[in-house]
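# Examining the three-dimensional arrangement
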Protein chains: 4
Amino acid sequence: MTKLRVLVWGENVHEHTNPAVHAHYPEGMHHTIAGGIREALPDAMVSTATLQEPDHGLTDERLKATDVLTWWGHKAHGEVSDAVVERVRQRVLEGMGLIVLHSAHYSKVFKALMGTTCSLKWREATDKERLWNILPSHPISQGIGEYFEIPAEEMYGEPFGIPTPDELIFISWFTGGEVFRSGATWRRGHGRVFYFRPGHETYPTYHHAQVKRVIANAVTWARPTVSIPDSCPNAAALEPLPSRLTS
Amino acid sequence: MTKLRVLVWGENVHEHTNPAVHAHYPEGMHHTIAGGIREALPDAMVSTATLQEPDHGLTDERLKATDVLTWWGHKAHGEVSDAVVERVRQRVLEGMGLIVLHSAHYSKVFKALMGTTCSLKWREATDKERLWNILPSHPISQGIGEYFEIPAEEMYGEPFGIPTPDELIFISWFTGGEVFRSGATWRRGHGRVFYFRPGHETYPTYHHAQVKRVIANAVTWARPTVSIPDSCPNAAALEPLPSRLTS
Amino acid sequence: MTKLRVLVWGENVHEHTNPAVHAHYPEGMHHTIAGGIREALPDAMVSTATLQEPDHGLTDERLKATDVLTWWGHKAHGEVSDAVVERVRQRVLEGMGLIVLHSAHYSKVFKALMGTTCSLKWREATDKERLWNILPSHPISQGIGEYFEIPAEEMYGEPFGIPTPDELIFISWFTGGEVFRSGATWRRGHGRVFYFRPGHETYPTYHHAQVKRVIANAVTWARPTVSIPDSCPNAAALEPLPSRLTS
Amino acid sequence: MTKLRVLVWGENVHEHTNPAVHAHYPEGMHHTIAGGIREALPDAMVSTATLQEPDHGLTDERLKATDVLTWWGHKAHGEVSDAVVERVRQRVLEGMGLIVLHSAHYSKVFKALMGTTCSLKWREATDKERLWNILPSHPISQGIGEYFEIPAEEMYGEPFGIPTPDELIFISWFTGGEVFRSGATWRRGHGRVFYFRPGHETYPTYHHAQVKRVIANAVTWARPTVSIPDSCPNAAALEPLPSRLTS
C-alpha cells in the first residue's frame, strides 16, 4: 500500500495574537496536530498548510497529492477564499478524506458539504467534557475505551445544526448540563468526512493522548478508496429500446 | 389547522422556446403542477412564481408566507441569483418544505442543501419508466400501489451523486437497463426535502395521475412543524460549575 | 378520520409488591399512562391490558383492533408468552405503531424487533435526568422546548445495544456523568416504533407533564398508514422475457 | 495482522437432490463459495460447515474461532436448530461478520438479526440481472465497475421486507421489469452484516468472477474490530451525586 498523505490545515491566527494559545502551541496548533498524527502513524507522510500561504496552501496540485485533509479554523473562516473552499469540496466529493476539528464546524468547507447551519450552543467556562464511545466497533474509536475525559474544554451543546450523521461515534457530557454529538461521520460523494468536537485553542487539547488517538484513527479511516471526478454523462441504452415512443 | 400555503416555482423557459413543451403545457409547467396540487388539496392555497419575476418571485415576504415550495428548473439554473438561492436555503433550514422535481437535481438550491454533485446518467430516448414503491407505509406513497408506470420519460441512471437519503421511497426501472433512486427524502435543518425524479419537459408527465398524487402527498408531508431561525448562542450553565479549571 | 385506538399494556407486578410503586400508581402504571394519553388526546379510544389477563390481553382480535400499542414491563419479561410476542411483532410489521417505555428495552417484543442485545448501563441512585431535544421539528418533540428535566430517575447509560435509530430525538444528561439516546425511532415493516427512556417504577415519572406530552405525541405519530399482511409472492414478469436462457 | 478466519456455511441439500444443481456444484455450493474466497484472499483460513454436521458444524468453539461467517440456505431453513441460530446471532452481536447469500434472506439467522419479515417477490424464469454499483467508494464494491451482469438468475423484486440498510451498495435491474436492493449492510451489535442477492442454486452464479469478487470484498470488510460480550452492568456514578433525591 502506498504511503498515506495527510495534510494538516491550520488557520494559524490565535497562536500569534493570544499568549494563552501560544503557550500551549508555540509552533502553532497545526504543528501539534501533525505531530500527533506522525507519532501514531509513522509511515504516513504528514505535512501542514496555513491560511497565510498563497491559496492558503491548498492549490490543485497539493490537494491532488492529499489523501486526507484535517481542518482547524475559528476566527478567520471568512478569510478563506471561496475558490479554495470549492476546490476542497470537489476533492472530497472525488474521494479525499476530511477531518473537521472543533470550531471548524463553522468553516466554509464543512458548511458547504453539509448544506445546513452547523450552529450549536457554546460556553467558555470551567466545564469538564466526557466523551462516551457509543460505537466501540468503529475504526475511529479503537483503543479509546468506554469513555474519556478532557479536564477543561469549551462547551458545545445541542441542538447541533447538522444532517443526521451516517454514524454517531461519540456523545459528550458536560459539567454544566449539556450533551453534544461530538464524533460523527458522513459520506459526501466518494469521500468520507469526520467531525470531532474537542479542540478549543485556549486548552492543551491536542496534546491529550486520546484526542490524538481519535484523530490518527480518523485519518486512517478516511483514506480514499477511489478518486472519481464528477460527470453527468449521456448514456447509451444497455437493452433494446422500442423504435418509437409508446403513446 | 391553518391553510397550507404552497408555492410552485417554475423556470418557465422551455415552454416559450420549444413547441413540444408548449403543446403539453400551454400555460407553463408551473401552472399544470399547481393545478394538480389544487385538485388533490382543495383547501390548500397554491400560487406560482417564475424565474422572470423580480427576485424570481421569491422575496423574503413571499418565502415567509410559504409552507412548501416546489421547484422545477432545467436550462436556466445559472440564471437564478445566488442571493435568492441562499434565501430559499435558509427558509428550508428554518422549517419550510421543499419538493425538488426532475431536472432540478441540478438546481443551485438542491445542490446547496445536499453539498454533493447531484450528478447522474441521462438519456432522451424511448424508455418506459416504472417506479417501484419500496416504502408503502410512507405518507408520500399513499394511494400509489406497488408500482406505477410512465409510458415515456427521459432516463436518469445511477450513480446519483446525493448524500444517503433519510428515506428511500421509489426506485425506477428503465427499459434501457438502468435503475434510479427516484423518490427520496432528507431533513435539512428544520425543513423536509423530497426529490422526485419524473418530469422531463417534452413529456406530459405532470398530467399523469400518479405523478400528481405523489406531488400532492409530498406537499402535505413537507408541511412545516416549526419555524426556528438560525442562532449560535452563548449558553449559561444549567448545573453548578467549579470556580476554576481543573488542571 | 376514524378514532385512534390505543392499547396501553402494563406488566402490572411492581404495583402490587412494592409500596413505593403503589404510592405513585395506586391504580397501576398502565392506568396512569392511559390517563395521560386520554387527557392529551380526548378523541382517542384508549384501553389497557395486562400480563395477568388471558393471552396477556393481546389476542389476535384485540391487536387487529389496535392502532398503537404502548408497552411497559420490567421484572416479568420472561413471563410473556412467545406466541404473544410473535403476534405483536407481526402486527407491528403489518403497520401497528409501538411505543416502548423505559425498562421495556429488555422486553421480548422490543428485542425481537431490534435483533440486538438492547443492553445498557443502569443505576438506581439520586440522579437528575435532563432530556435534550435534538430534533425539534419532529412530531414527537412538539411542545417540548429545548430540553426538560426529571428531578429523580434511574440512570441509563451508553452504550445502548440498539441498531442505529432512523431518527434520534432525545439525548439524556445524568448528574452522575452519563449520556443516553433516550428517544429514538425505527421503521419495522410497515409499523413505526418509538423507544422512550424515562419511567422507572419507583418515581412518579408518568405524572410528569412533558413525559405525558411526549407519549401522547408518539402515539399520534405512530398511527398506522397501512395494514399489509406479510407475503412472499411468485410474480409474473411485467416485461417480455426471452423464451430461453442466455448461456 | 493475524489471518482472517472465514467459515462458509452451506445447507448442502439441493446438491444431492437436484441434478441441475449438482452439475454446477459437484462438490457442493459451499465448496465453490469457499474456493472463490481462497482464490481472492490466499492468506485467509477458509473452512466449510454444513447443516448435516453435529450442531450444523457451528459449535461455540467453532464460532469463537470464526471472524466472518457466510450463510447460504434455501429449502431447509426450518431444520436449523434454534439454539444454533441464537449462538450465531450472539457471535455477530459480539463482533463476528456475517455474509448472507441469496435465499438466506429467509434464514432464521438473518430474520433474527433484522427483526422483520425479510419477504420479497420472486420468479424463476429467464431474467437477466444487472447489478448497479451505487456506492463505488465502498470497500465491498472495489473492482466492480459501474455495473455487472448475470446472464440468468432468479428474480427477486421489491418490496424487500428489511430495515432500512445502513449502506445500500447494489440495486438490481431485471429483464422482467423489477428492481431490488441487492447489496446492503447493517451493523448489528459489534458485528457487520452484508446481504448479497445473487446465487440461486440452479445457476452457476458462484462461479461468476464479479460475484466472487464481491463476496471476497465483503468477507474482508466484515472482519471484526472487537469482540465484546453482552452485559448490562450496574454502574457507579462518575460524578458526585446529591445525597438524597430532589423532591
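Right, let's walk through the structure included here. Each chain has its residues counted from 1, running along the sequence as written. For this description, chains carry letters from A and ligands carry numbers from 1, given in the order in which they are written. Only residues with pLDDT of at least 70 get local features here, since the model is predicted, and only at 80 or more are side-chain atom pairs given and counted; chain-wide, interface and lining totals rely on the full set of residues. Water and hydrogen atoms were dropped before computing side-chain values, which therefore reflect all heavy atoms in the structure.

## As for the overall build of chain A
- Helix and strand definitions here come from DSSP, where helices need a minimum of 4 consecutive H or I residues and strands a minimum of 2 consecutive E residues; each element is numbered from the N-terminal end. Across its full length, chain A holds seven helices and 11 strands.
- Computation of the radius of gyration draws on C-alpha atoms, with the globule rule given as 2.2 Å multiplied by the number of residues to the power 0.38. Against the globule reference of 18 Å for 247 residues, chain A gives a C-alpha radius of gyration of 19 Å, in line with a compact fold.
- Dimensions of chain A, computed from the C-alpha atoms along their principal axes, are close to 75 × 40 × 35 Å.
- Type-normalised accessible area, obtained with a 1.4 Å probe on protein chains alone, sets the label of each residue: buried when under 20%, exposed when over 50%, and partly exposed for intermediate values. Within chain A, buried positions represent 63% of all 247 residues.
- In chain A, 72% of the contacts between residues at least 6 apart in sequence involve partners at least 24 apart. It only takes one pair of heavy atoms within 4.5 Å for two residues to be counted as in contact.

## Let's talk about the pattern of salt bridges
Residue and element names in this part refer to chain D.
- Salt bridge criterion: a side-chain nitrogen from Lys or Arg within 4 Å of a carboxyl oxygen from Asp or Glu. Going through the model one piece at a time under the given rule, you end up with 69 salt bridges over all chains.
- Here R123 ties to D127 by a salt bridge, and the two come within 3.0 Å at their closest N and O atoms. Here R123 and D127 have matching classes, each one buried.

## Notes on the relation of the copies chain B and chain D
- After a rotation of 180° and a shift along the axis of 0.0 Å, chain B superposes on chain D with an RMSD of 0.0 Å. Such a turn and shift between the copies fits a two-fold axis. When C-alpha distances to the rotation axis are compared across chain B, the minimum falls at B:W173, with a value of 3.3 Å.
- Comparing contact sets, 100% of the residues at the interface of chain B also lie at the interface in chain D, consistent with an isologous, same-surface contact. What sets the superposition is a least-squares fit of C-alpha atoms, and only residues with pLDDT of at least 70 in both copies go into it.

## Concerning the pairing of strand β7 (residues 147–150) of chain D
Residues and elements named next belong to chain D.
- Burial of the side chains of β7 is restricted to one face: F148 and I150 are buried, whereas none of Y147 and E149 on the reverse face is.
- Strands were regarded as paired on the criterion that DSSP finds at least two bridges between them. Strand direction decides the pairing type here: strand β6 (residues 129–133) and β7, joined by four bridges, are antiparallel. Opposite L131, over in β7, you have F148 as the bridge partner.

## So, the interface of chain A and chain B
- Each partner contributes residues to the interface: chain A has 48 residues there, and chain B has 48 residues.
- Joining chain A to chain B, the criterion identifies zero salt bridges.
- Elements with a minimum of two residues in the side of chain A that touches chain B: α5 (82–94), α6 (108–114) and β5 (121–123) of chain A.
- Nonpolar residues are Ala, Val, Leu, Ile, Met, Phe, Trp, Tyr, Cys and Pro. Charged residues are Asp, Glu, Lys and Arg, and all others, Gly as well, are polar. Tallied by class, the residues present in the side of chain A that touches chain B amount to 23 nonpolar, 15 polar and 10 charged.

## Quick look at the sheet that holds strand β3 (residues 68–72) of chain A
All names here are of chain A.
- Read across the sheet, nine strands follow the order β2-β1-β3-β4-β11-β10-β9-β6-β7 without closing on themselves; strand pairing throughout is mixed. The sheet is open, and its two borders are formed by β2 (45–50) and β7 (147–150), each paired with just one other strand. Strand-to-strand, the axes of this sheet are offset by a mean angle of 20°, without reference to chain direction.
- Bridging between strand β6 (residues 129–133) and strand β9 (residues 167–174) involves five bridges; their strand directions are antiparallel. If you follow R130 over to β9, its bridge partner there is W173.
- Only the stretch in contact is used when fitting a helix axis, every axis being a line fitted to C-alpha atoms; angles between N-to-C directions are given from 0 to 180 degrees. Of the strands in this sheet, β1 (5–10), β2, β3 and β4 (97–101) touch helix α3 (residues 29–40), which is tilted by about 170° from β2.

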